[in-house]
Amino acid sequence: MKTIFEKSNGTEGINLTDDSEDLSFLDKSFLRTQSPELPQIGELEVMRHYKELSDRNFCIEKGFYPLGSCTMKYNPKVNELLASLEGFANIHPNLADEYCQGALNLMYNLQEALKKITGMDAITLQPAAGAHGELTGMMIIKKYFESIGDNRKKVLIPDSAHGTNPASAHMCGFEVVGVNSDKYGRVDMEHLKSLIDKNVAAIMMTNPNTLGLFEENVLEISKLMHENGSLLYYDGANFNAIMGYTNPKVMGFDVVHLNLHKTFATPHGGGGPGAGPVGVVDKLKEFLPVPVVNFDGEKYFRDYNLKNSIGSVKAFYGNFGVLVRAYAYILMMGDNLKEASENAVLNANYIKEKLKKYYDLPYDLPCMHEFVLSGERQKQNFGISTLNIAKRLMDGNTHPPTVYFPLIVHEAMMIEPTESENKEKLDEFIDIMIKIAQEAETNPEEVLSAPHSTPVRRVDETLAARHPDLKYNCSDK
Ligand SMILES: *Cc1c(COP(=O)(O)O)cnc(C)c1O
């Protein structure tokens, strides 16, 4: 496909020159002497160009997107409409409180809603993504221990954790200590107990963990940690597993982050804007980043008056547009948030049960919002790796699942159908997966050479990561 610059043929699509404008008040040095080198192409060709580009992309509106842990569910378009309302989209972040009561009201109400959903006592909306929320949470934990004169250095993290967890703890200056999983894919309690000492500041946990399994010993874990004076951090990126059924406060956690862009419906991926609010229990309230949005009974205001605040973690107070979408989604769903979790869990279990005959299922237990298959059988018997299966799925207009993660499963395929898919779509995916398993046996070449139908076939992933070529030369093509 040619770039828009290569397609440029001198046709004037739009004329930006307005000769009637008197520009003599501008200093000559500000004026161009040469026209900018913009592509010149007719409007219809511009439309075709960008339509073709968008067709080369994959999105939830195009097909099934079971990318484990990423919650690629359908994001209702009404959220986009509301976030683009002029009063929200064009508001200036430096407006005085009295001129943006509506926006502050929305943020306050969102904080209140997230307090209900998480059970926590206070919320900051500032962090821009999940990993940023983790960093914020760990900074709060660090400052808490400083404030009581306890210089704890270690953070325990189960080996099934999302990679961002150890990264965030490390960036905060903590020493990361891995906790093994037991044969059921859950935290190995004996190993955990052997690691607890007075140097442990916190444990960072995901529950359900990245195998999609609920940590049934979570109450015992929180008891052990609290008895040791340690805190508990909850990675709540995938809240669609538990909304309305339980919450981190009930489980004994002190800090939690949420991914509004996953659970609360903002289109994400490709580095788009997110939001990773952090909730804390009462005793950590004074450490939150400033400002938090508060209400004095009459008006809403930005509160900078937090005794031990870690400071700000982002300009202003987060990605406001994402907050609007999340608030709209929560209001629209109401009590049905509980039903969303129910469907997320039901959908995952349905696929798991249908596919476990055809692929290895290392942890054969009821799952939550996702589960992890292994392509080990296909690899051993037919030389078909999980990567090949992922590529072949693309021929079925399906985004591949998350692969080779979590690390504790060989040839892992982490499947998260989300709550927004109907049974027909789930059945379609199941059929494609079964067909690929059969192909691996009878026609492995078809799988090994996939994808056959995508605009770009196989890319050299190592080369792309090690030597990214970010500049396009027309002469390359
Ligand atoms: C997605 C995810 C994160 C990271 O969130 P980002 O918004 O991508 O930074 C952290 N933990 C878990 C379990 C996740 O699924």
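So, here is what we can say about the structure in this document. The structure presented is a predicted model; accordingly, all values stated were derived computationally and were not measured. Throughout, residues of each chain are indexed from 1 in the direction in which the sequence is written. With the structure being a predicted model, the display of local features is reserved for residues of pLDDT at least 70 and the display and counting of side-chain atom pairs for 80 or more, all residues being used for whole-chain, interface and lining totals. With hydrogens and water excluded, all non-hydrogen atoms of the structure serve as input to the side-chain values.

## Describing the sheet that holds strand S4 (residues 200-205)
Two strands are counted as paired when DSSP detects at least two bridges linking them. A run of H or I in DSSP counts as a helix once it spans at least four residues, and a run of E counts as a strand once it spans at least two, with each numbered from the N terminus. Ordered in space as S1-S7-S6-S5-S4-S2-S3, the seven strands form an open sheet in which the pairing is mixed. The sheet is open, and its two edges are formed by strand S1 (122-124) and strand S3 (175-179), each paired on a single side. Ignoring which end each strand starts from, the neighbouring axes of this sheet average 20 degrees apart. By the bridge criterion, four bridges tie strand S5 (residues 231-236) to strand S6 (residues 255-258) in an arrangement that is parallel. Bridging across to S6, Tyr233 finds its partner in Val255. Should any heavy atoms of two residues lie within 4.5 Å, those residues are considered in contact. Working convention: axes come from line fits to C-alpha atoms, limited for helices to the stretch in contact. Angles between N-to-C directions cover 0 to 180 degrees. In this fold helix H6 (residues 130-147) packs onto strand S2 (154-158), S4, S5, S6 and strand S7 (278-280), with an angle of close to 170 degrees to the strand it touches most, S5. With respect to the sheet, helix H7 (residues 164-171) is in contact with S2, S3, S4 and S5, its orientation differing from that of S2 by roughly 175 degrees.

## Thoughts on the site of the ligand
Around the ligand there are 13 residues in total, and Ser69, Gly130, Asp235, His261 and Lys262 lie nearest to it. N or O atoms closer than or at 3.5 Å make up a polar contact, with two conditions inside protein: a donor-capable atom paired with an acceptor-capable one, and, for residues adjacent in sequence, both atoms drawn from side chains. Taking Asn259, its side chain carries an N or O atom lying 3.0 Å from an oxygen atom of the ligand. His261 has a polar side-chain atom sitting 2.7 Å from an oxygen atom of the ligand. All accessibility values rest on the Shrake-Rupley procedure with a 1.4 Å probe; residue burial counts only the protein chains present in the view. Burial of the ligand by the surrounding chains reaches 85%, relative to a free accessible area of 380 Å². Here a residue is near a molecule or strand as soon as one of its heavy atoms is found within 4 Å of it.

## Observations regarding the sheet that holds strand S11 (residues 402-403)
Taken in spatial order, the three strands make up an open sheet running S10-S12-S11, and their pairing is antiparallel. Every interior strand has two partners, whereas the edge strands, strand S10 (371-374) and S11, have only one. For S10 and strand S12 (residues 412-415), the ladder comprises four bridges, and the chain directions are antiparallel. Bridging from a neighbouring strand, Phe371 pairs with Ile415 of S12.

## Describing a negative patch on the surface
Each patch is built from residues lacking any salt bridge and having more than 30% relative accessible area; the joining distance is 9 Å for like charges and 5 Å for nonpolar side chains (Val, Leu, Ile, Met, Phe, Trp, Tyr). Salt-bridge detection follows one rule: a side-chain nitrogen of Lys or Arg within 4 Å of a carboxyl oxygen of Asp or Glu. Two residue types count as positive, namely Lys and Arg, and two as negative, namely Asp and Glu; His and chain ends fall outside the count. The atoms used to mark charge sites are NZ of Lys, CZ of Arg, CG of Asp and CD of Glu. A surface patch of negative charge is lined by Asp18, Asp19, Glu21 and Asp22. Secondary-structure assignment places Glu21 in the loop between helix H1 (4-7) and helix H2 (43-55).

## Here's the deal with the packing of aromatic side chains
The way to describe two aromatic rings as a pair is by their centre distance and the angle between their planes. Pairing of aromatic side chains requires ring centres within 6.5 Å, counting the rings of Phe and Tyr and the six-membered ring of Trp. Pairs whose planes differ by under 30 degrees are stacked, by over 60 edge-to-face, and all others tilted. Following the criterion strictly, the structure yields twelve aromatic pairs and no others. Seen from their ring centres, Phe58 and Tyr65 are 5.5 Å apart, and the 65 degrees between their planes marks the pair as edge-to-face. Between Phe295 and Tyr300 the ring centres are 4.3 Å apart and the planes differ by 25 degrees, which places this aromatic pair in the stacked class. Each residue in the set Tyr108, Phe295 and Tyr300 is aromatic and connected to the rest through ring pairs, giving one cluster. A positively charged side chain is recorded as over a ring if its NZ (Lys) or CZ (Arg) lies within 6 Å of the ring centre. The angle to the ring normal must also be within 35 degrees. The ring of Tyr245 has Lys338 lying over it, and the distance from NZ or CZ to the ring centre is 4.8 Å.

## Here we look at the environment of Ile384
Along the chain, Ile384 falls in the loop between helix H14 (376-382) and helix H15 (386-394). On the accessibility criterion, Ile384 (0% relative accessible area) is buried. Sequence separation between Ile384 and Glu439 is 55 residues; the distance between their C-alpha atoms is 9.9 Å. If sequence neighbours within four positions are ignored, Ile384 has contacts with Gly375, Gln378, Lys379, Ile389, Ala440, Pro444, Val447 and Leu448. Each residue is assigned to one of three classes by its accessible area relative to the maximum for its type, calculated with a 1.4 Å probe on protein chains only: buried under 20%, partly exposed between the two thresholds, exposed over 50%.

## A look at the packing of helix H5 (residues 101-118) against helix H12 (residues 320-333)
Two elements in contact, H5 and H12, have axes whose closest approach is 10 Å; the angle formed by their N-to-C orientations is 60 degrees. The angle between the axes of H5 and H12 places the two elements in the oblique class. The handedness of the crossing between H5 and H12 is left-handed. On H12, the residues that touch Ala103, Leu106, Met107, Asn109, Leu110, Ala113, Leu114 and Ile117 of H5 are Phe320, Leu323, Val324, Ala326, Tyr327 and Ile330. Among the residues making up the contact of H5 with H12, the classes are represented as 13 nonpolar, one polar and no charged. Working rule for angles: under 35 degrees goes down as roughly parallel, over 145 as roughly antiparallel, 65 to 115 as roughly perpendicular, anything else as oblique. The handedness criterion is simple: a crossing whose near helix is rotated anticlockwise from the far helix by less than a right angle is left-handed, and one whose near helix is rotated clockwise is right-handed. When residue character is reported, Ala, Val, Leu, Ile, Met, Phe, Trp, Tyr, Cys and Pro are called nonpolar, Asp, Glu, Lys and Arg charged, and the others, Gly included, polar.

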